[in-house]
Each structure stands twice: as C-alpha cells, then as structure tokens.
Amino acid sequence: MQRALIVVDMSNDFIADDGVLTCGSAGQATVQPILQAVQAAYDHGDFIVFACDAHAIDDPEFALWTTHCVVGTYGAKLVADLQMFYENHKGDRVRYLPKTKYDAFFETDLAKWLHEQGIREVIVCGVCTSICCYATASGAYYRGYEVYIDPDLMADLTPEAHQFAIQHMQDVLKVNLL
Ligand code: ZN
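All values reported here derive from a predicted model rather than from experimental measurement.

**Q** Please provide a residue-by-residue account of the side chain of T136, values included.
**A** As for its placement among the helices and strands, T136 is situated in helix α6 (residues 129-142). A relative accessible area of 0% means that T136 is categorised as buried. There is a polar contact of 3.4 Å between the side chain of T136 and the backbone oxygen of Y102. Beyond its immediate stretch of four places on either side in the chain, T136 contacts I6, V8, Y102, D103, A104, F105 and V124.

**Q** Lay out the sheet that holds strand β3 (residues 94-99) in plain terms, naming residues and giving numbers.
**A** Strands pair in a sheet through their backbones, by hydrogen bonds, and they do so in one of two ways: parallel or antiparallel. Spatially, the six strands line up as an open sheet ordered β3-β2-β1-β4-β5-β6, and their pairing is parallel. The sheet is open, and its two edges are formed by β3 and β6 (176-177), each paired on a single side. Summarising the sheet, strand β5 (residues 146-155) and β6 pair through two bridges and their orientation is parallel. What sits directly across from I149, in β6, is L177. Against the sheet, α6 touches β1 (3-8), β3, β4 (121-127) and β5, its axis set at about 165° to β4.

**Q** A description of helix α3 (residues 31-43) should follow, citing residues and the corresponding values.
**A** The first and last C-alpha atoms of α3 sit 18 Å apart over 13 residues, in line with the 18 Å expected at 1.5 Å per residue. Within the sequence span of α3, burial applies to V31, I34, V38 and A41. Buried residues of α3, seen end-on, are gathered within an arc of 90° and therefore sit on one face of the element. Across α3 from its buried face, at more than 90 degrees, point the exposed residues Q36 and D43. Positioned one or two residues after α3, G45 has a phi angle of 90°, which is positive.

**Q** Before we move on, could you go through the pairing of β1 and cite the residues and values that matter?
**A** Taking burial as the measure, the six residues of β1 include five buried ones, the bulk of the element. Two strands pair when backbone bridges link them, and β1 and β4 are joined in this way by six bridges, in the parallel orientation. Across the sheet, R3 pairs through a bridge with E121, a residue of β4.

**Q** Which residues make up empty space enclosed by the protein, and what values do they have?
**A** Rolling a probe over the atoms, with the probe sized like a water molecule, indicates the empty space that remains. In total, this model carries one cavity of 30 Å³ or more according to the counting rule given. Taken as a whole, the largest cavity holds about 100 Å³ of empty space. As for the largest cavity, its lining consists of 13 residues, and the residues nearest its centre are F14, L21, W65, I131 and C132. Looking at side-chain class alone, the lining of the largest cavity contains nine nonpolar, one polar and three charged residues.

**Q** Could you give an account of the environment of I123, with specific residues and numbers?
**A** Tracing the chain through its elements places I123 in strand β4. Spatially, the C-alpha atom of I123 lies 8.5 Å from that of E146, the residues being 23 residues apart in sequence. Sequence-distant contacts of I123, that is, excluding residues within four places in its chain, are made with R3, A4, L5, I6, Y148 and L178.

**Q** With reference to specific residues and values, describe the layout of surface pockets.
**A** Approximately 150 Å³ is the volume found for the largest pocket. Surrounding the largest pocket, R3, L5, A37, A40, A41, H44, D46, I123, D150, L153 and L178 form its lining. For the lining of the largest pocket, the elements supplying multiple residues, two or more each, are β1, α3 and β5. Looking at the lining of the largest pocket, its residues break down into seven nonpolar, one polar and three charged.

Rules and cut-offs
- Residues numbered from 1 in each chain as written.
- Predicted model: local features only at pLDDT ≥ 70, side-chain atom pairs only at ≥ 80, totals over all residues.
- Heavy atoms only, no water.
- Helix = DSSP H or I, 4+ residues; strand = E, 2+ residues; numbered from the N terminus.
- Buried < 20%, exposed > 50% of the residue type's maximum accessible area, 1.4 Å probe, protein only.
- Polar contact = N/O pair within 3.5 Å; in protein donor to acceptor, adjacent residues only side chain to side chain.
- Contact = heavy atoms within 4.5 Å.
- Pairing = 2+ DSSP bridges.
- Axes fitted to C-alpha atoms, helices over the stretch in contact; angles between N-to-C directions.
- Expected span 1.5 Å × (residues − 1).
- Arc of directions from axis to C-beta.
- 1 Å grid on protein atoms, 1.4 Å probe; cavity = no way out; pocket = protein on both sides within 12 Å on 5 of 7 lines; lining within 4 Å.
- Points joined across faces, edges and corners; volume = space filled by probe spheres on them.
- Nonpolar A, V, L, I, M, F, W, Y, C, P; charged D, E, K, R; others polar.

Structure (structure tokens):
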C-alpha cells in the first residue's frame, strides 16, 4: 500500500535561526530525520508533498501572526536540504503544495490528488506540531485517511505544545505512532 508523506511548513521562517516564527533548535533537529524519511519514502515508491505556507503580503492571517512566508521570499522557501531534495526529485511523486491556512487540505487540491493516486494512508511531519501539523492531521482524519506520525519528525514553538499536540492527535484523531 502506497502512502503519502506530507511535510508541513519546513520553510526558513519556521526553521532557520533568523526565521520570523522559528521553532529554533527543536525545528532544526527535525531537518535531517525528515530528509531521511523523505528519501526512504521516495525509495519505497511513496508520494511526498511539501505543503508550505505561501501568503500574500496582506494575508488576513497576519492579524494573528507576524508577517511570514510571503510568496517569493527567503522565509517562504523550504530549508536548504529539503529544497535540494525537492529540486532533484520533483515530478509525479514529489510535489510542492502552497497553502494559505494551517490545514494543507483547506482550499487546495491535496485530497483530489491523493484520491487520484489511490492513497488512503498519510504520514504527517514538520512544524508546528500543535498548529499546522495538527490541522493537517485533522484534515486527513475528517476525510477518512489513516494518519501516521513520528514525534521525532515534528517540532513546535515550545516543548509543551509539542507534547500536548502529539498526545491530543492520538486521543482525538486516532493517529498511529510510527
Ligand atoms: Zn501562515
């Protein structure tokens, strides 16, 4: 059974030291494990989606969060190692998915695309555990996907938020731990 690995918001603004909403060292610690997971998924014949915030400069979300991940900026770009993987492998099984809300399924073609590939199982990883990962896992759960997570492939702005969200996803979204 093929799966899709949904890599959420591994962009400079959320990961890099100078990112405006950075998860800092916790986020940076996920980069190599996620790169390995991405490579393993690719080698296994699975699908990979880099779902990233891609906001207009006047996005209403900026009433809540500082301006981040504006289309075309350094902050909106995938971190270097994942950007390199994407550029070297993009195609039928590896895609970039711009999103404007937390949930990668919201007003995107993600569900349609997964359906076309016959995929019923997704792995969600990336940042932030309690925000966009949680929302994307919710989006998958609502649509009937079997959802898998690995806590080591996620990070948040605080360890407390990360821990809560990992447990909460298991409790209310029936996610499976890898
Ligand atoms: Zn955003």
